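Observations on chain architecture
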Amino acid sequence: MRVVNEGHPFHYEMEHLTRMFYPADPVEVFDGTPAETRPDDVITCRQGETLAVRMGGEPPLTAPASGEAREDERRMAVLLYRLLSGKTGMQPPWGILTGVRPIKLVREAIERGMTPDAIRADFAGRYLIAPERIELAIETEAVEREMQLPCGDDRYSLYVGIPFCPSRCSYCSFISQEAPRQQGLIDDYVDHLRREIEETARIAAACSLHCDTIYIGGGTPTTLSASQMARLCGTIAGCYDLGAIREFTVEAGRPDTITEEKLRGLLDAGVSRISINPQTLDDRVLESIGRRHTARETIDAFHLARAVGMDNINMDLIAGLPGDTPEGFSRTLDGIFALEPDSITVHTLSIKRSSRYGGSDRAALLARVGDVGRMLAEARTRMAAGGYRPYYLYRQKNTMGNLENVGYARPGKEGLYNVLIMDERHSILATGAGASTKLVTGGGEWITRIHNYKYPAEYLGGFSNILERKRKVAEFYEIRQPKHQTGGGELGQ
């Protein structure tokens, strides 16, 4: 499919809306008509005194131009959605939204004084969002508001990245490395990471910043040995007053990395929340995605964590894994609810180009979008019945059916860091390979990012440069505005 843009700057939006309707096909974008093409594979989006969208030589769909860029982008997106929905029969439930943060739209509407009923009408009419997604967004925003987020220019969270896993899952697109192949550098990596944490804490203190949450993620942090994790947590404890930290999370992730010694060490180190992530409780599906553990190991790891005193445990699931079915997903939900975790995060499978499924398996997976929708619907119904409320919601590109990821939790057990990283009203100071620091001021009006090197070997080799980059944090807070402002490009940030 080819998208021709004429007289407007909304290239990103038109391209990604088209990809929503043709996820298995290549989409090319042009300024001006390509030299060689067939009329039936060209979508033309034109802005003049009117906005017009057409396919091939058919009559266009039109709307008057408003003269305001953001509104014209929305109007053209509506035209394109209606055109492609008519051609394909598809109705993506999030309407024209391509951004990852629909909750921001709800919050902004409430801050403008809109009632829930007004939001329902506005989101259905202006953005073409399906009613059940509007309700999900409204409910999620209400729970988020209850959490009393620590927003402000002087607040931040610390992210600590451990880019190692016992094996690489077939759906994974992260930069994590298989630990058995990286044993020679893991210890060195931990030592350098501790130095970066110390420097980050020093700079933050000099800028009079206050840390609210700490999140050790990956990868799989519990790939580290008990002694390596103890050294890492000891450094964190030496840099921060853990009594003043509202939440300290560690992704225990893979059950095949969890031991009693590690769990007790995390508890002694002040960790208040962990995540044990089965993704599925179907052993056949686990094997197909490259997980080297069984459902029984997940259940045993959960019971072990409870036995040592972990009283805030999250579990992650993925809807749409290859080989899974709505019936199999339902059985997984049965097993998860029997454990009674404190929170459950339900992800939609995202088919990333850098994962195994980015190639030949992509079309077969996309054909199962209806199954994924049924999985998410059952999860939502059963979460409500079990006392779990949606507290954060985000979307990724390339998810099956353009669907969402939702964190559900029992009241008081919500993952604060999860909301803060999506909310964009709070800085994230990130450490480790592949980590991305996000600096925020003005309630999200100004945002800038500082990226670390992606891979562990690059991180170690360029460590002096990474410390140099960290000094940009002080520069940012000294002048209280970044060198650039991010914004635009995505409807429904």
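All figures in this text were calculated on a predicted structure; none of them were measured in a lab. (Residues numbered from 1 in each chain as written. Predicted model: local features only at pLDDT ≥ 70, side-chain atom pairs only at ≥ 80, totals over all residues. Heavy atoms only, no water.)

Quick notes on the packing of helix 4 (residues 116-127) against helix 5 (residues 131-146)
What counts, and what does not: Orientation is described by axes fitted as lines to C-alpha atoms, over the contacting stretch for helices, and by angles from 0 to 180 degrees between their N-to-C directions. Under the scheme used here, helices are H or I runs from DSSP no shorter than 4 residues and strands are E runs no shorter than 2 residues, and both carry numbers assigned from the N terminus. Orientation categories follow fixed angle ranges, with anything under 35 degrees roughly parallel, anything over 145 roughly antiparallel, 65 to 115 roughly perpendicular, and all other angles oblique. Here a crossing is called left-handed whenever its near helix is offset anticlockwise from the far helix by less than a right angle, and right-handed whenever the offset is clockwise. The contact criterion used throughout is that any non-hydrogen atoms of two residues lie within 4.5 Å.
The contact between helix 4 and helix 5 brings their axes to 10 Å, and the two run at 135 degrees. What the angle tells us is that helix 4 and helix 5 run oblique. Crossing of helix 4 against helix 5: the hand is right-handed. Touching P116, I119, R120, F123 and A124 of helix 4 are I134, E135 and I138, all from helix 5.

Things to note about helix 8 (residues 260-268)
For an α-helix the count is 3.6 residues per turn, leaving residues at separations of three or four pointing the same way. Just so we agree on the cut-off: For every residue, the accessible area (1.4 Å probe, protein chains only) is compared with the maximum for its type, and the residue is labelled buried under 20%, exposed over 50%, or partly exposed between those bounds. An arc is given here, and it is the one of the directions from the helix axis to the C-beta atoms.
By the burial criterion, the buried members of helix 8 are K262, L263 and L266. Considered in projection along helix 8, the buried side chains sweep an arc of 100 degrees and stay on one side of the axis. Relative to its buried face, helix 8 has exposed residues pointing more than 90 degrees away, namely E261 and D268. Elements in contact with the buried residues of helix 8: helix 7 (226-239), strand 10 (247-253), strand 11 (273-276) and helix 10 (295-308). Backbone geometry just after helix 8 places G270 at a positive phi near 95 degrees.

Notes on the nonpolar core
Heads up, the rule is: What we call a nonpolar core is a set of buried Ala, Val, Leu, Ile, Met, Phe, Trp, Tyr and Cys residues that are connected through their side-chain atoms within 4.5 Å.
The biggest cluster of nonpolar side chains holds 123 residues, and the ones touching the most others in it are I43, I216, L232, Y240 and I274. In terms of residues, this core owes the most to one element, helix 6 (residues 183-206), which gives nine residues. Core analysis: the next-biggest nonpolar cluster, separate from the first, contains 11 residues, V143, M147, L149 and A409 among them.

Some details on the pairing of strand 6 (residues 155-162)
The following threshold applies: Paired strands, as defined in this entry, are two strands with at least two bridges between them according to DSSP.
Of all eight residues in strand 6, seven are buried; the element is thus mostly enclosed. Inspection of the sheet shows strand 6 paired to strand 9 (residues 210-218) by eight bridges, in the parallel sense. Paired with Y156 across the bridge in strand 9 is C211. Alignment of strand 6 against strand 16 (residues 427-431), held across five bridges, turns out to be parallel. Residue pairing across strands places L158 opposite L429, the latter belonging to strand 16.

As for the side chain of N5
Under the convention used in this document: Under this definition, polar contacts are N or O atom pairs within 3.5 Å; protein pairs additionally need one hydrogen-donor-capable and one acceptor-capable atom, and for neighbouring residues in sequence, both atoms have to be side-chain atoms.
Its location among the elements puts N5 in strand 1 (residues 2-6). Of the residues examined, N5 reaches a relative accessible area of 3% and is grouped as buried. In this structure the side chain of N5 is engaged in a polar contact, spanning 3.0 Å, whose partner is the side chain of H8. Aside from chain neighbours lying at most four places away, what touches N5 is H11, M14, V29, F30, D31, G32 and C45.

Observations concerning unusual backbone geometry
Apart from glycine, the bulk of residues carry a negative phi angle, and the bulk of peptide bonds sit in the trans form. Of note, the amide linkage connecting G218 to G219 takes the cis form, showing an omega dihedral of 15 degrees. Assignment of secondary structure puts G219 in the loop between strand 9 and helix 7. In the Ramachandran plot, Q279 falls in the positive-phi region, its phi being about 70 degrees despite a non-glycine side chain. Relative to the assigned elements, Q279 resides in the loop between strand 11 and helix 9 (283-288).

Observations regarding the packing of aromatic side chains
As a reminder of what qualifies: Between the rings of Phe, Tyr and Trp (Trp by its six-membered ring), a pair exists once the centres lie within 6.5 Å; its type follows the angle of the planes, with under 30 degrees stacked, over 60 edge-to-face, and the other angles tilted. Counting as a charge over the ring demands two things of the Lys NZ or Arg CZ atom: a distance within 6 Å of the ring centre and an angle within 35 degrees of the ring normal.
With the rule as written, the count across this model stands at 12 aromatic pairs. Ring geometry for F164 versus Y189: centroids 5.3 Å apart, planes at 90 degrees, classification edge-to-face. Highlighted residues: F164 in strand 7 (residues 164-165) and Y189 in helix 6, separated in sequence by 25 residues. An identical accessibility class is assigned to F164 and Y189; each is buried. Arranged with centres 5.6 Å apart and planes meeting at 70 degrees, the rings of Y459 and F463 form a pair that is edge-to-face. We classify F463 as buried; its relative accessible area is 4%. Taken together, the ring pairs in this structure connect F164, Y189, Y459 and F463 into an aromatic cluster. Sitting over the ring of Y127, R126 keeps its end group 5.7 Å from the ring centre.

Re the sheet that holds strand 4 (residues 50-55)
Taken in spatial order, the five strands make up an open sheet running 2-1-3-4-5, and their pairing is mixed. Unpaired on one side and paired on the other, strand 2 (28-31) and strand 5 (61-64) mark the two borders of the sheet. This sheet shows a mean twist of 15 degrees between the axes of neighbouring strands, independent of strand direction. Alignment of strand 1 against strand 3 (residues 42-47), held across five bridges, turns out to be parallel. Looking at strand 3, one finds that V3 is bridged to I43. Sitting on the sheet, helix 1 (residues 11-21) touches strand 1, strand 2 and strand 3, and the angle it makes with strand 1 is about 155 degrees.

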